[in-house]
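# Report on the structure
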Amino acid sequence: MLDNTELENAKSMSIIVTKGSLDWAYPPFILGTTAAAMDVDVTMFFTFYGLPLLKKDLNLKFTPLGNAAMEMPMMGGHIAMPNMMAMLPGVGHMAGGMMKNLMKKKGVATIEELREVAVESDVKLIACQMTMDLFEYSTDDMIDGIELGGAATYMEKALKSDINLFI
Amino acid sequence: MADHVLNAEGLNCPLPIIKAKKMLKSLAAGEVLEVRATDPGSVADFAAFCKQTGNELLSSSTEGDVYKFEIKRT
């Protein structure tokens with residue numbers, strides 16, 4: 001296991017993270033941390049609704065609203081939730097709680113855990129400067145160890161990367 | 001016989017790989033890590049992980065519901 005930064009032929013991956021709900025936060029963090037564990041040089045660029053995933057305090061929400069493919073295991077079968085029901089007050093909150101409980105039961109890491117692993121394994125976390133300005137976030141709201149950058153910063157990385165994902 | 005054992009039972013993807021990587025980093029070259037997992041996906045994942053990182057997968061076996069991997073740090 002060599003330090004990948006010293007290898008000329010080291011593999012690299014970039015991910016644009018555009019969504020910050022509980023369910024959408026998983027794919028980028030799972031792939032980012034796993035790639036880093038496999039000695040891949042990883043850059044994650046957080047923009048628009050993905051940006052809040054860099055906030056110090058995460059309180060990730062989940063909603064079944066408009067998610068026609070969502071089925072939850074229940075009593076030996078699976079149940080979907082009609083929009084008419086999902087839009088009722090409190091239902092989104094309840095579904096979020098159910099999802100978190102299910103994840104805990106199945107040994108799925110929390111987003112907080114995966115993000116900590118990403119920081120520890122030197123994944124480059126870039127906050128989109130334009131989104132910071134647009135939604136009025138300050139660097140004090142964000143975790144330590146992130147960088148600020150724009151589209152050109154991302155492009156420089158992406159042009160050199162073996163894999164570029166938009167999630 | 002493994003020098004270190006990682007119990008990753010009950011953990012789901014990608015935690016067994018992440019935790020194994022963390023432990024492998026602290027091992028000396030030539031030392032062997034035994035990983036015990038219950039995630040069925042870990043069989044394919046540890047093979048891919050070892051192939052990519054160059055660590056040697058000495059064995060991949062099952063003991064009841066537990067998947068056992070022996071990985072030699074290179």
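Residues numbered from 1 in each chain as written. Chains lettered and ligands numbered in written order. Predicted model: local features only at pLDDT ≥ 70, side-chain atom pairs only at ≥ 80, totals over all residues.

## Some remarks on helix α2 (residues 42-53) of chain B
Given 3.6 residues per helical turn, the α-helix brings residues three or four places apart onto the same face. Residue and element names in this part refer to chain B. For clarity, the cut-off: Counting from the N terminus, the helices are the DSSP runs of H or I reaching at least four residues and the strands are the DSSP runs of E reaching at least two. Multiplying one less than the number of residues by 1.5 Å gives the expected span of a helix. Labels follow a simple rule on C-beta atoms placed from the backbone: if 20 or more others lie within 10 Å of a residue's own, it is buried; if 12 or fewer, it is exposed; otherwise it is partly exposed. The arc in question is the one traced by the directions running from the helix axis out to the C-beta atoms. Here, residue contact means that the backbone-derived C-beta atoms of the two residues sit within 7 Å.
With 12 residues, α2 should reach 16 Å at 1.5 Å per residue; the first-to-last C-alpha distance of 16 Å fits that figure. Every buried residue of α2 is listed here: S42, D45, F46, F49, C50 and T53. When α2 is viewed along its axis, its buried side chains cluster within an angular range of 125° and face the same direction. Facing away from the buried side of α2 by more than 90 degrees, the exposed set consists of A44 and K51. Elements in contact with the buried residues of α2: α1 (15-26), β2 (32-37), β3 (56-63) and β4 (66-72).

## Things to note about the interface of chain A and chain B
Interface size is commonly expressed as the accessible surface area that is lost when the partners come together. Note the following rule: Residue polarity follows a fixed list, in which Ala, Val, Leu, Ile, Met, Phe, Trp, Tyr, Cys and Pro are nonpolar, Asp, Glu, Lys and Arg are charged, and the others, Gly among them, are polar.
Counting from both sides, the interface comprises 12 residues of chain A and, opposite them, 16 residues of chain B. With four residues, the single largest contributor to the side of chain A that touches chain B is helix α1 (residues 22-37) of chain A. Class assignment of the residues belonging to the side of chain A that touches chain B gives a composition of seven nonpolar, three polar and two charged.

## Re the nonpolar core
What tends to happen in soluble globular proteins is that the nonpolar side chains get buried as a cluster. Heads up, the condition is: We call a set of buried Ala, Val, Leu, Ile, Met, Phe, Trp, Tyr and Cys residues a nonpolar core when their C-beta atoms link them within 7 Å.
Core analysis: the largest hydrophobic core is formed by 46 residues, its most contacted members being M44 and F46 of chain A together with V35 of chain B. With sequence-adjacent residues up to four places away left out, M44 of chain A is seen in contact with I15, V17, P28, G32, V123, L125 and I126 of chain A.

## Some thoughts on the UniProt feature "domain: UPF0033" (unreviewed entry) in chain B
Selection criterion: UniProt positions are given in the numbering used here, feature names are shortened, and annotations may be inferred rather than shown by experiment.
The feature "domain: UPF0033" (unreviewed entry), as annotated in UniProt, sits at residues 6-30 of chain B in this numbering. Within the segment residues 6-30 of chain B, helix and strand shares are 48% and 12% respectively, and the terminal C-alpha atoms sit 17 Å apart.

## Some thoughts on α1 of chain B
Helix length check: α1 of chain B, at 12 residues, gives a terminal C-alpha distance of 17 Å against a target of 16 Å (1.5 Å per residue), a fit within 8%. For α1 of chain B, every residue scored as buried is listed here: L15, P16, I17, I18, A20, K21 and L24 of chain B. Packed against the buried residues of α1 of chain B are α1 and α4 (111-120) of chain A together with β1 (4-8), β2, α2 and β4 of chain B.

## Observations regarding the sheet that holds strand β6 (residues 147-149) of chain A
All names here are of chain A. Basically, it comes down to this: Strand pairing requires that DSSP identify at least two bridges connecting the strands. Helix axes are fitted only over the stretch in contact, all axes being lines through C-alpha atoms; the angle between N-to-C directions runs from 0 to 180 degrees.
Read from one edge to the other, the open sheet built from five strands follows the order β6-β5-β2-β1-β7, with strand pairing classed as parallel. The two strands at the open ends of the sheet, each matched to only one other strand, are β6 and β7 (163-166). The average undirected angle you get between the axes of adjacent strands in this sheet is 20°. Bridge analysis of strand β1 (residues 12-17) against strand β2 (residues 41-46) gives six bridges, and the strand direction is parallel. Of the residues in β2, the one forming a bridge with M13 is V42.

## Here's the deal with the packing of α1 of chain A against α4 of chain A
Residues and elements named next belong to chain A. For clarity, the threshold we go by: With the far helix as reference, a near helix turned anticlockwise by less than a right angle produces a left-handed crossing, and one turned clockwise produces a right-handed crossing.
Across the interface, α1 lies against α4 with an axial gap of 9 Å and an inter-helix angle of 35°. The two elements α1 and α4 cross, and the hand of that crossing is left-handed. Contact residues: A25, F29, I30, G32, T33 and A36 in α1; I111, L114, R115, V117 and A118 in α4. When its residues are assigned to classes, the contact of α1 with α4 shows eight nonpolar, two polar and one charged.

## Section: the sheet that holds β1 of chain B
Residue and element names in this part refer to chain B. Spatial strand order, β1-β2-β4-β3: four strands in an open sheet with mixed pairing. Strands with a single pairing partner mark the edges of an open sheet, and in this sheet they are β1 and β3. Taking each pair of neighbouring strands and ignoring which way they run, the sheet shows an average axis angle of 15°. Pairing analysis gives seven bridges linking β3 to β4, with the strands arranged antiparallel. By the bridge assignment, S59 is partnered in β4 with E70. Against the sheet, α1 makes contact with β1, β2 and β4, and its axis sits at roughly 160° relative to β1, the strand it touches most.

## Observations concerning the pairing of β3 of chain B
Taking burial as the measure, the eight residues of β3 of chain B include zero buried ones, a minor fraction of the element. The antiparallel hairpin formed by β3 of chain B and β4 of chain B contains two residues in its connecting segment, where G64 of chain B sits at a positive phi of about 65°.

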